[in-house]
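Here is how the chains run, residue by residue.
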Amino acid sequence: AFGAIGISFVTMVMSFSMVFVALSAIADDYGVTLRAVSWVVVAQSLTISAVMLPMGRVGDIIGRKRIHLIGLVLFAGGAILAAVSPTLPILIVARIIMAVGNSMGQSVGTAMIVSVFPSNERGKAIGSQTTAVAIGGASGPIVAGLLLQVLPWQALFILMAIPTAVAFVFGLLILDENR
């Protein structure tokens, strides 16, 4: 269960830090200023901040597994839309979709991780989750920098959809709503 959730945490946090490295390439591609393209990050940050807490409550009401899986679908769908975005406004909308999915997955992820570990291992569960988040944050710029040396910025978003799909399949098969 931790693997299914941990993959999504790494990917979602990595997506945030990867985009910072690609901002200048995105601005060049769309022919806009770095100030304008910064909305790709700002829109995501604002959306996550506004939606995460309510999504946690919705997860408590309709089911954490359901919210987590829907969040993964939105995140991956937004990533694909971002990869094929013909204009900056569509890219920003795609990042908002990704952010809603991100906040859905992360808002229930901690509760699901804590619920599958026995009470004497809860500290290990929270520590493992924090490690997954740190790995995502630290590896994002490195992966993006290496990828952008040989591929266009759109490849970053396609890359994000792959582990998200894996996390979805694992989550669908492994996570148990009753636990």
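Quick look at the structure, then. (Residues numbered from 1 in each chain as written. Predicted model: local features only at pLDDT ≥ 70, side-chain atom pairs only at ≥ 80, totals over all residues. Heavy atoms only, no water.)

Description of the overall build of the protein chain
A tally of regular secondary structure across the protein chain gives seven helices and zero strands. The secondary structure elements of the protein chain, listed N-terminal to C-terminal, are α-α-α-α-α-α-α. Against the 2.2 N^0.38 benchmark of 16 Å for 179 residues, the protein chain shows a C-alpha radius of gyration of 16 Å, consistent with a compact globule. For the protein chain, the spread of C-alpha atoms along the principal axes amounts to about 55 × 30 × 25 Å. Long-range pairs, those at least 24 residues apart, make up 81% of the contacts in the protein chain with a sequence separation of at least 6. (Helix = DSSP H or I, 4+ residues; strand = E, 2+ residues; numbered from the N terminus. Rg over C-alpha atoms; globule rule 2.2 N^0.38 Å. Contact = heavy atoms within 4.5 Å.)

Here we look at a nonpolar patch on the surface
A cluster of nonpolar residues, V166, V169, F170, L172, L173 and I174, forms a patch on the protein surface that exposes about 540 Å² of accessible area. Within the secondary structure layout, V169 lies in helix α7 (residues 154-174). (Patch = residues over 30% accessible without salt bridge, like charges linked within 9 Å, V, L, I, M, F, W, Y side chains within 5 Å. Areas by Shrake-Rupley, 256 points an atom, 1.4 Å probe, with all protein chains shown as cover. Salt bridge = Lys/Arg side-chain N within 4 Å of Asp/Glu carboxyl O.)

Digging into the nonpolar core
Counting residues in hydrophobic clusters, the biggest one holds 47 residues, and the most contacted among them are V40, L91, F157 and M160. If you list the elements that add at least two residues to this core, you get α1 (2-30), α3 (39-62), α4 (64-83), α5 (88-116), α6 (122-150) and α7. Looking at this core, the element that brings in the most residues is α1, giving 12 residues. Residues within four places of F157 in sequence aside, it is in contact with V19, A79, A82, A83, L91, R95 and M98. (Core = buried A, V, L, I, M, F, W, Y, C linked by side-chain atoms within 4.5 Å. Buried < 20%, exposed > 50% of the residue type's maximum accessible area, 1.4 Å probe, protein only.)

With respect to the pattern of salt bridges
Taken as a whole, this structure holds one salt bridge when the rule is applied. R64 is the partner of D60 in a salt bridge, and the nearest nitrogen-oxygen pair spans 3.2 Å. The class of R64 is partly exposed, set by a relative accessible area of 28%.

Quick look at the packing of α1 against α3
Axis separation between α1 and α3 bottoms out at 10 Å; the angle between their running directions is 160 degrees. Taken together, the axes of α1 and α3 lie roughly antiparallel to each other. Crossing of α1 over α3 shows left-handed handedness. Here S15, F16, V19, F20 and L23 of α1 come into contact with α3, specifically with V40, V41, Q44 and S45. Its residues assigned to classes, the contact of α1 with α3 comprises six nonpolar, three polar and no charged. (Axes fitted to C-alpha atoms, helices over the stretch in contact; angles between N-to-C directions. Parallel < 35°, antiparallel > 145°, perpendicular 65-115°, else oblique. Left-handed = near helix turned anticlockwise from the far one by under 90°. Nonpolar A, V, L, I, M, F, W, Y, C, P; charged D, E, K, R; others polar.)

Digging into α1
Between its first and last C-alpha, α1 extends 39 Å over 29 residues, near the 42 Å set by a 1.5 Å rise per residue. The largest bend along α1 measures about 55 degrees and falls at A22. Just beyond α1, the residue with positive phi is G31, at close to 70 degrees. (Expected span 1.5 Å × (residues − 1). Bend = angle between axes of the 7 residues up to and from the residue.)

Quick notes on the packing of α1 against α4
α4 packs onto α1 with a crossing angle of 35 degrees between their chain directions and a minimal axis gap of 12 Å. The chirality of how α1 crosses α4 is left-handed. Side by side, α1 and α4 meet where A4, I5, S8, T11, M12 and S15 of the first sit next to H68, L72 and F75 of the second. Within the contact of α1 with α4, the residues separate by chemical class into five nonpolar, four polar and no charged.

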